[in-house]
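One-letter residues, chain by chain:
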Amino acid sequence: MAERVTYCRICEANCGMVATVEGDRVVQMRPDRDHPLSEGYACPKGIAFPAVQHDPDRVTHPLRRRGDGFERVSWEEALSDIAARLGALPKESIGWYLGNPAAWSFGHAAWARGFVDGLGSQHFYSSGSQDVNNRFAASALMYGTPLRIPIPDVERTDFLLVVGANPFVSNGSVFSVPRVRDRMHDVVARGGRVVVVDPRRTETARNFEHVALLPDGDAWLLLSMLHAIGPSDPGLASLVAPFTPESTAARTGVEPGVVRALARDLAAAPSAAIYGRTGSCLGSHGTLVAFLLDALAVVTGNLDRPGGSVFAEPAVDLDGTMQRFGLASYATRRSRVGGFPDVLGQFPATLMAPEIETPGPGQLRALFVSAGNPVLSVPDGRALERAFGSLDLLVSIDLYVNETARHADYVLPATTFLEREDVPVAFLPFFVKPFIQWTDAVVAPRGEAREEWRIIDDLARRMGIAPYSVGPLRWLARAGVRVSPQRMLSLGLLGGPRRLTMSRLRAAPHGLLLDEHHATGGLREPPRLTPPEIVREVESLAAAPAPDPALPLRLIGMRELRSHNSWMHNVDKLMRAREGQRLRMHPADAEARGVADGDLVQVRSATGEVGGVPVFVTDDMTPGVVALPHGWGHRGGWRRANAAGGVNVNELTSAAPESLERLAGMSKLNGVAVEVEA
Ligand SMILES: Nc1nc2c(c(=O)[nH]1)N[C@H]1C(S)=C(S)[C@@H](COP(=O)(O)OP(=O)(O)OC[C@H]3O[C@@H](n4cnc5c(=O)[nH]c(N)nc54)[C@H](O)[C@@H]3O)O[C@H]1N2
Ligand SMILES: Nc1nc2c(c(=O)[nH]1)N[C@H]1C(S)=C(S)[C@@H](COP(=O)(O)OP(=O)(O)OC[C@H]3O[C@@H](n4cnc5c(=O)[nH]c(N)nc54)[C@H](O)[C@@H]3O)O[C@H]1N2
Ligand code: SF4
Ligand SMILES: [Mo]
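None of the values given here were measured: they were computed from a predicted structure.

1. As for the overall build of the protein
Across its full length, the protein holds 25 helices and 26 strands. Whereas a compact globule of 678 residues would reach a radius of gyration of roughly 26 Å, the protein reaches 24 Å, a difference of no more than 12%. Principal-axis analysis of the C-alpha atoms gives the protein an extent of 65 × 60 × 55 Å. The contacts in the protein between residues at least 6 apart in sequence include a share of 74% that link residues at least 24 apart. Total accessible area computed for the protein in this model is approximately 24,100 Å², and 51% of it derives from carbon and sulfur atoms.

This is the structure we're talking about:
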């Protein structure tokens, strides 16, 4: 038996863990008491991870489609056939969808993008357009680069405003703060305040002050808060002038007096930090909302100062490096269908179905999906499944035959996070304090599982392309020199602001705390407050379509402690003693429809319908709002998950390009008009 120090890579807290290994088995995962940030905390999912590691349903060797099922093939058979089939297609017709877990593997994300760039294709998609691309777009518009993102200085703030986030369940996002509950309770213990703006009285809201907002009302709420404060910038002042708290009340459901008091208290607090997450991203105006959250920080003097919204200086300067090579892009290209701007080289994942089905040059004909399950995570999963039928090739790289992989021609086995070395490169700018951690692989890959970057590199060699996004690496590849992610990383660390070496990192297995707080005052140029894109977006608010009286309820999403998007429902330990997926509804709405707690209902939107959903009646919901978690409705190769029942909420959301938010192509997943019937 051996103990190996590592960190969990399921969610963004990146909690420190200690794995007990016996031979090639991980027999236990426990929280690492010596981790400087998580200090012996881990949630049930991290502790249950050995069940994923050794899941009998896990894919551990390459699979090739045979009729309705799959047959085992060798890597050689799989990769040579894939390379041959891709070789027969125009390079610009080959695409990639990168799912959420790829964010924890630097090599995976960089090589996938490099593969698509190496092909000269535009078809690069990710979970970002269902998650955070609006935040990147807002930063590009305000600070001139998508990767400059403020995080709340929660350890020093006197006032934390949380808009559309539920960190008590999600454990924080675009903000890596292990023990987030403690850190938030500390604000109040110091005499400060935490205010949560959310249509549901969430697990987080219940512990602090709650402002109940109507879904998709964020832009109106923030504009009226800015109005109440009265910005000194004349352009911003005139932009917010029409948005009196009285005029926005019908949109927000928030009393004008509450808006004024909130604005006044936020402006008067000695310091205030403003934090918005997915609830603020997945409505109709996500980029505008992210922009307004920062504008509020600017106007109240809370941007880039202690206790406010602060910018980290990560040990690997991803922003600077990507800027240097033209990769920190926003709106430098437009999508073939719909003309949407790219965000960091990505186009809206909702466009995959129409890109497959719209003929013409650059039509999407072959797709890789790695660490993703877009059939469950992207709007209108059924439209995507139909579109898959007309692809020439679909390849999934995953741990499981998920709902997307079941349509694939090949399923290739990936390593879990315990089977690879890592540094949380993508999260370095978001840690609550300057922090970095290196981990070795804890165990050898199970079966024939391979790291994604190695799969990509092998395939690229067979196709004669260099899987890199930057010129110098492509030239090196032509000269026969191919770099590894570890080599790139060690260069990035050495070239970073702290000049870290790999040996220094390796010498600190629990991670390196680099400072007590993030430095402030480093923002060189003043933020732009009224770029034309934002002005136009504000003007467009007046033209918001009238609600359809036949669909009077508004559907929102929610996350659950013992779920993780679509991929941890196969862990029996997490599923036991659970209620399964339920639709939360206010008692008044339930009564009006003659439904009682536990009844099965039908939910209908303008574009889809799901049935047999049990209702959970609770006054945590704002009247007129219903909530249903995503990531359910399994029918893949995971037996426990399939047995869990539930429906795919994204059969209710729309994939029509017109339904996408314009500035970042965000999917509209919250505030969807629905009706519920017994
Ligand atoms: N346990 C668990 N943890 C997770 C995940 C998981 O599935 N399970 N997923 C991970 C992922 S991928 C992410 S991106 C993060 C997300 O992290 P969070 O954004 O913190 O997670 P959510 O629980 O989705 O919180 C969003 C909140 O927005 C509210 N909301 C919905 N519509 C609106 C609206 O129009 N306006 C406002 N103001 N609020 C609204 C919802 O009621 C909900 O409480 O969580 C990560 N962590
Ligand atoms: N209606 C609605 N839809 C949503 C959301 C919502 O709030 N409401 N949230 C959106 C958000 S924020 C997100 S991030 C997306 C998530 O959307 P996706 O990223 O498309 O889907 P996941 O469910 O995270 O699926 C992850 C897959 O990766 C696999 N996996 C896990 N670890 C690894 C690994 O190391 N390597 C490889 N190759 N595979 C691995 C898992 O088995 C699983 O199949 O969903 C989005 N969809
Ligand atoms: S909160 Fe849970 S899932 Fe997230 S990193 Fe920590 S242990 Fe892993
Ligand atoms: Mo996400």
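2. Section: the domain arrangement of the protein
Segmenting the protein into domains produces domain 1 (63-128 + 318-508), domain 2 (150-310 + 528-535) and domain 3 (546-677). Measuring from the centre of the C-alpha atoms in domain 2 to the corresponding centre in domain 3 gives 26 Å. Every contact between the two is made by 25 residues of domain 2 and, on the other side, 21 residues of domain 3. Of the roughly 1,800 Å² buried between domain 2 and domain 3, counting both surfaces, carbon and sulfur atoms make up 57%. Per-residue buried area on domain 2 facing domain 3 is highest for Arg200, Pro215 and Leu282; these three make up 32% of the total on that side.

3. So, the layout of surface pockets
Within this model, the second largest pocket holds a volume of roughly 1,200 Å³. Considering the residues around the second largest pocket, the lining is formed by 41 residues, among which Asp216, Ser284, Pro545, Lys668 and Gly671 are closest to the centre. Sorting the residues of the lining of the second largest pocket by element identifies helix H10 (245-252), helix H22 (532-540) and strand E26 (672-677) as the ones contributing at least two each. Broken down by element, the lining of the second largest pocket gets its largest block of residues, four residues, from H22. Per-class residue counts for the lining of the second largest pocket are 20 nonpolar, ten polar and eleven charged. Split by domain, the residues of the lining of the second largest pocket number at least three in each of domain 2 (150-310 + 528-535) and domain 3 (546-677).

4. Here's the deal with the site of ligand 2
Lining the immediate environment of ligand 2, one finds 30 residues, of which Tyr97, Asn100, Asp398, Glu452 and Ser566 sit closest. Glutamate 452 places a side-chain nitrogen or oxygen 2.7 Å from a nitrogen atom of ligand 2. Histidine 630 is positioned with one of its side-chain polar atoms (N or O) 3.5 Å from a nitrogen atom of ligand 2. Starting from 920 Å² of accessible surface for ligand 2 in isolation, the protein chains cover 97%. Sorting the residues of the shell around ligand 2 by element identifies helix H16 (374-377) and strand E17 (393-398) as the ones contributing at least two each. Both of domain 1 (63-128 + 318-508) and domain 3 (546-677) provide at least three residues apiece to the shell around ligand 2.

5. Quick notes on the site of ligand 3
Taken together, Cys8, Ile10, Cys11, Asn14, Cys15, Ala42, Cys43, Gly46 and Asn171 make up all the residues around ligand 3. The residue makeup of the shell around ligand 3, split by class, is six nonpolar, three polar and no charged.

6. Notes on the side chain of threonine 278
Note on placement: threonine 278 falls in helix H12 (residues 278-281). Beyond its immediate stretch of four places on either side in the chain, threonine 278 contacts Asp131, Gly164, Arg559 and Asn670.

7. Regarding the pattern of salt bridges
Under the counting rule described, the total for this entry stands at 47 salt bridges. Between arginine 260 and glutamate 246 there is a salt bridge; the shortest N-O distance is 2.7 Å. With arginine 260 in helix H11 (residues 256-268) and glutamate 246 in helix H10, this pair connects stretches of sequence that are 14 residues apart. Here glutamate 246 falls in the partly exposed class, since its relative accessible area comes to 45%. The partner of arginine 593 in a salt bridge is glutamate 675, with the nearest N and O atoms 2.7 Å apart. Here arginine 593 is found in the loop between helix H24 (587-592) and strand E23 (600-605), whereas its partner glutamate 675 is found in strand E26, with 82 residues between them in sequence. Glutamate 675 shares its class with arginine 593; the two are buried. Each of the salt bridges in this network shares a partner with another, and the network as a whole consists of Glu76, Arg450, Asp458 and Arg462.

Rules of the game
- Residues numbered from 1 in each chain as written.
- Chains lettered and ligands numbered in written order.
- Predicted model: local features only at pLDDT ≥ 70, side-chain atom pairs only at ≥ 80, totals over all residues.
- Heavy atoms only, no water.
- Helix = DSSP H or I, 4+ residues; strand = E, 2+ residues; numbered from the N terminus.
- Rg over C-alpha atoms; globule rule 2.2 N^0.38 Å.
- Contact = heavy atoms within 4.5 Å.
- Areas by Shrake-Rupley, 256 points an atom, 1.4 Å probe, with all protein chains shown as cover.
- Domains from an automatic or database assignment.
- Buried area = accessible area lost by both parts, 1.4 Å probe.
- 1 Å grid on protein atoms, 1.4 Å probe; cavity = no way out; pocket = protein on both sides within 12 Å on 5 of 7 lines; lining within 4 Å.
- Points joined across faces, edges and corners; volume = space filled by probe spheres on them.
- Nonpolar A, V, L, I, M, F, W, Y, C, P; charged D, E, K, R; others polar.
- Near = heavy atom within 4 Å.
- Polar contact = N/O pair within 3.5 Å; in protein donor to acceptor, adjacent residues only side chain to side chain.
- Salt bridge = Lys/Arg side-chain N within 4 Å of Asp/Glu carboxyl O.
- Buried < 20%, exposed > 50% of the residue type's maximum accessible area, 1.4 Å probe, protein only.

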